[in-house]
Structures are given as structure tokens and as C-alpha cells.
Amino acid sequence: MSTEKTVLTSFDTWKKFLGDRVQQAEKMGMNEETINKLAYEIGDFLDEKVDPANPSNRALKELWEVGDEDERRTIACLMVKLAKQNA
């Protein structure tokens, strides 16, 4: 099984993966606003291109779909916070 497939099938693995990427971005000097903006863009991409492989990711997708732009930015910021806790 490829890394991408594994990351997307387990929510815990997904959180760890995101946490590692947030840490890398911080080490590269990205500020929180930039990281949150990237998280929003990734959320949009995943919403359009990826069918969630587990119930947790499915719930996030459904929340993303019903949210307006501000609510989606909030979801992205919360995912960054969650990721930081799981790095």
C-alpha cells in the first residue's frame, strides 16, 4: 500500500502526517497565517479531488461542503491546531 493511501485511510495517521508537515513549514520560517492559508487551499483540493477513505475524513468533507468561506477557513485553522498536537 502506498504512503498516500495509508495516510488517507487512517485518521490518526492523517493527523500525524499533517502535524509533521506543519512542523516542517514552521522550520522553513512560514508563519501561522501562511500555514493556515495553505491548509485552506489543501482543504479545497481534497474536497474536489479525494473521496474520503474513513468516517472521520468523510465528516470533515461534509462540514467543508456546507461551510461558507469563513467557516472553511476556521476548519482549516482547527486542522492546523489539531495537527500540531499530533506531530
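Below or above, wherever it landed, is the structure these notes cover. Keep in mind it's a predicted model, so treat the numbers as computed, not measured.

**What about the overall build of the protein?**
Check the secondary structure of the protein and you find five helices and zero strands. Along the chain direction, N to C, the helices and strands of the protein fall in the order α-α-α-α-α. The C-alpha atoms of the protein give 12 Å as radius of gyration, which agrees with the globular expectation for 87 residues (12 Å, within 12%). Projected onto the principal axes, the alpha-carbon positions of the protein cover approximately 35 × 30 × 20 Å. Counting all 87 residues of the protein, 30% fall into the buried class. Element-wise, carbon and sulfur atoms account for 53% of the exposed surface of the protein, whose accessible area totals about 5900 Å². Of the charged side chains in the protein, 13 are positive and 17 negative, and the gap between their average positions amounts to 5 Å.

**Examining the layout of surface pockets**
Considering only enclosed or pocket space, the largest pocket measures out at about 560 Å³ in volume. Forming the walls of the largest pocket are 28 residues, and the residues nearest its centre are Trp14, Leu18, Ile42, Gly43 and Leu46. Among the elements of the structure, helix H2 (11-27), helix H3 (32-49), helix H4 (55-66) and helix H5 (69-85) are those that each provide at least two residues to the lining of the largest pocket. Top contributing element to the lining of the largest pocket by residue count: H3, with seven residues. Per-class residue counts for the lining of the largest pocket are 22 nonpolar, two polar and four charged.

Conventions and cut-offs
- Residues numbered from 1 in each chain as written.
- Predicted model: local features only at pLDDT ≥ 70, side-chain atom pairs only at ≥ 80, totals over all residues.
- Heavy atoms only, no water.
- Helix = DSSP H or I, 4+ residues; strand = E, 2+ residues; numbered from the N terminus.
- Rg over C-alpha atoms; globule rule 2.2 N^0.38 Å.
- Buried < 20%, exposed > 50% of the residue type's maximum accessible area, 1.4 Å probe, protein only.
- Areas by Shrake-Rupley, 256 points an atom, 1.4 Å probe, with all protein chains shown as cover.
- Lys, Arg positive; Asp, Glu negative; His and termini not counted.
- Charge placed at Lys NZ, Arg CZ, Asp CG, Glu CD.
- 1 Å grid on protein atoms, 1.4 Å probe; cavity = no way out; pocket = protein on both sides within 12 Å on 5 of 7 lines; lining within 4 Å.
- Points joined across faces, edges and corners; volume = space filled by probe spheres on them.
- Nonpolar A, V, L, I, M, F, W, Y, C, P; charged D, E, K, R; others polar.

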